[in-house]
Amino acid sequence: MTTTAPPGTDTVTGAASDRPGGLRRIGLKAGRTAQGPGLVFVVPFLLVFALFLVWPIVHGLWMSFTDSSLALRDTSFVGFDNYAEAFGDPDVWSSLGNTVVFTAISSVPLVLIALAMALLVHSGLAGQWAWRLAFFAPYLLPVTVVTLIWTWLYQPELGLANQFLDTIGMAPVGWLSDESVAMWSIAALTVWWTVGFNFLLYLAALQSLPSTYYEAAALDGAGAWRRLWSITLPQLRRTTALVAMLQVLASLKVFDQIYILTKGGPNGSTRPVLEYVYDVGFTGYRLGYASAVSYLFFALVIVVSLVQLRLFRQED
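Residues numbered from 1 in each chain as written. Predicted model: local features only at pLDDT ≥ 70, side-chain atom pairs only at ≥ 80, totals over all residues. Heavy atoms only, no water.

1. A word on the overall build of the protein chain
Scanning the protein chain for helices and strands turns up 13 helices and zero strands. Listing each helix as α and each strand as β along the protein chain from the N terminus yields α-α-α-α-α-α-α-α-α-α-α-α-α. Residues counted as buried form 34% of the 316 residues belonging to the protein chain. Carbon and sulfur atoms make up 68% of the accessible area of the protein chain, which totals about 19700 Å². (Helix = DSSP H or I, 4+ residues; strand = E, 2+ residues; numbered from the N terminus. Buried < 20%, exposed > 50% of the residue type's maximum accessible area, 1.4 Å probe, protein only. Areas by Shrake-Rupley, 256 points an atom, 1.4 Å probe, with all protein chains shown as cover.)

2. A few points about the nonpolar core
One finds Ala118, Phe199, Tyr202 and Leu236 to be the most contacted residues of the largest nonpolar core, which totals 18 residues. When residues no more than four places from it in sequence are discounted, the contact partners of Ala118 are Phe199, Tyr202, Leu203 and Leu206. Phe102, Leu165, Ile258 and Leu261 belong to the second largest nonpolar core, which has 17 residues in total. (Core = buried A, V, L, I, M, F, W, Y, C linked by side-chain atoms within 4.5 Å. Contact = heavy atoms within 4.5 Å.)

3. Section: the confidence of the model for the protein chain
Mean pLDDT for the protein chain: 86, with 88% of residues reaching 70 or above. Throughout residues 11-18 the model reports pLDDT below 50, and contacts reaching past four residues in sequence, or to other chains, amount to 12 contacts. (pLDDT = per-residue confidence, 0-100.)

4. Details of the pattern of salt bridges
Considering all chains together, one arrives at three salt bridges under this definition. Between Arg286 and Glu85 there is a salt bridge; the shortest N-O distance is 3.0 Å. Note that Arg286 is positioned in the loop between helix H12 (273-283) and helix H13 (287-315) and Glu85 in helix H2 (residues 81-87), a separation of 201 residues in sequence. When its relative accessible area of 35% is taken as the criterion, Arg286 is described as partly exposed. With a relative accessible area of 35%, Glu85 lands in the partly exposed category. The partner of Arg271 in a salt bridge is Asp279, and the shortest N-O contact between them spans 3.7 Å. One continuous salt-bridge network, built from bridges that share partners, spans Asp91, Arg271 and Asp279. (Salt bridge = Lys/Arg side-chain N within 4 Å of Asp/Glu carboxyl O.)

5. Some words on the packing of helix H7 (residues 182-207) against helix H10 (residues 237-252)
Where H7 contacts H10, the axes come no closer than 10 Å and their chain directions differ by 165°. Relative to H10, the element H7 lies roughly antiparallel. Crossing handedness for the pair H7 and H10: right-handed. Each of Asn198, Leu201, Tyr202 and Ala205 in H7 lies in contact with H10, whose residues at this interface are Thr239, Thr240, Val243, Leu246 and Gln247. (Axes fitted to C-alpha atoms, helices over the stretch in contact; angles between N-to-C directions. Parallel < 35°, antiparallel > 145°, perpendicular 65-115°, else oblique. Left-handed = near helix turned anticlockwise from the far one by under 90°.)

6. Focus: the packing of aromatic side chains
Per the counting criterion, the structure on display carries 18 aromatic pairs. Here Trp62 and Phe77 contribute two aromatic rings whose centre-to-centre distance is 5.7 Å and whose plane-to-plane angle is 20°, an arrangement assigned as stacked. Remark: Phe77 occurs in the loop between helix H1 (19-63) and H2 and Trp62 occurs in helix H1; sequence separation between them is 15 residues. Residue classification places Phe77 among the exposed residues on the basis of a relative accessible area of 55%. (Phe/Tyr/Trp six-rings, centres within 6.5 Å; stacked < 30°, edge-to-face > 60°.)

7. A word on the environment of His122
Along the polypeptide, His122 turns up in helix H3 (residues 90-122). Setting aside anything within four residues of it in sequence, one finds His122 in contact with Leu203, Leu206 and Gln207.

8. Focus: the side chain of Gln308
The topology assignment puts Gln308 in helix H13. Judged by relative accessible area, which is 12%, Gln308 ranks as buried. Aside from chain neighbours lying at most four places away, what touches Gln308 is Ala244, Met245 and Val248.

9. Re the environment of Asp178
If you trace the backbone, Asp178 turns up in the loop between helix H6 (160-167) and H7. Taking the relative accessible area as the measure of exposure, Asp178 reaches 31% and is therefore partly exposed. Expressed as a C-alpha distance, the spacing of Asp178 and Pro266, which sit 88 residues apart in the sequence, is 6.9 Å. Among the polar contacts made by the side chain of Asp178, one reaches the side chain of Ser180 at a distance of 3.0 Å. (Polar contact = N/O pair within 3.5 Å; in protein donor to acceptor, adjacent residues only side chain to side chain.)

10. Regarding a nonpolar patch on the surface
A cluster of nonpolar side chains, namely Val42, Phe45, Leu46, Phe49, Leu53, Val54, Trp55, Ile57 and Val58, defines an oily patch on the protein surface of about 820 Å² accessible area. Residue position: Val42 is located in helix H1. (Patch = residues over 30% accessible without salt bridge, like charges linked within 9 Å, V, L, I, M, F, W, Y side chains within 5 Å.)

11. What to know about helix H9 (residues 224-235)
Its 12 residues give H9 an end-to-end C-alpha distance of 15 Å, which sits within 8% of 16 Å, the value for a rise of 1.5 Å per residue. Residues Leu228, Ile231 and Thr232 constitute the buried set of H9. Taken around the axis of H9, the buried residues stretch over an arc of 130°, which confines them to a single face. Residues Trp225, Arg226 and Trp229 are exposed on H9 and point more than 90 degrees away from its buried face. Residues of H9 that are buried make contact with H3, H7 and helix H8 (211-219). (Expected span 1.5 Å × (residues − 1). Arc of directions from axis to C-beta.)

Here it is, written out as structure tokens:
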């Protein structure tokens, strides 16, 4: 007569076996044991993250509701007075307008020129390493070096730009002193300096495109332009969306090159909103009001990012 061992019983010794449940318990114990060393490595990052990101955000938000100042030791709560003043401050709106203008005139060429450069290198041009180095090298330069180079180029009398205009019989231009030209001059500098990053993004996307599409198009007799418009550009749609979003956000946060080149001049025609925040907070000593303006701008950047994400998702 054969007997069937009850579930969980060892068929040899008859002792209760906890093999299925035991494995689960062993896995849980191993998981808890493995979490110990993991937390040791994560905690330093969390401390640095909280100290240098979370705390400044929270503290800055609190400051925006106070009259905090570098010139005064006492601080009092003022509620939304700083925000109300910011909405009625014409300097806030003018600096915000300058930021939008700079974003518009710099983002478009930074996308289109980067795409053209990537297509040129990807086409099999001789000496590709030299072209890649030439296109990307300016991006590695610090902002002080870049602005020093372009300050000499924009010199009204000795600068290379005006010397070229004189050679072709044109009048010299006040590249950094003319209100109608200064912002365009800064945008040209920014394009030359930062287009290399977008170029690398496009080049990486081009190199990842499957060659079967082009082989099939070649069999159908499609020329180079037809392959570009029907295969390459549609396949780069996601990359273009990414580059455009990153570039708009980077242009909205412009500060360094403008501050070093013109300090917002002439007559405030190139002052971006971040420079206005700097002037109000560290020159005017009004940290509370500067914090309110910066958080209004931060809200604007968040809205722009969400709108871009929504538009790109609809296209997908």
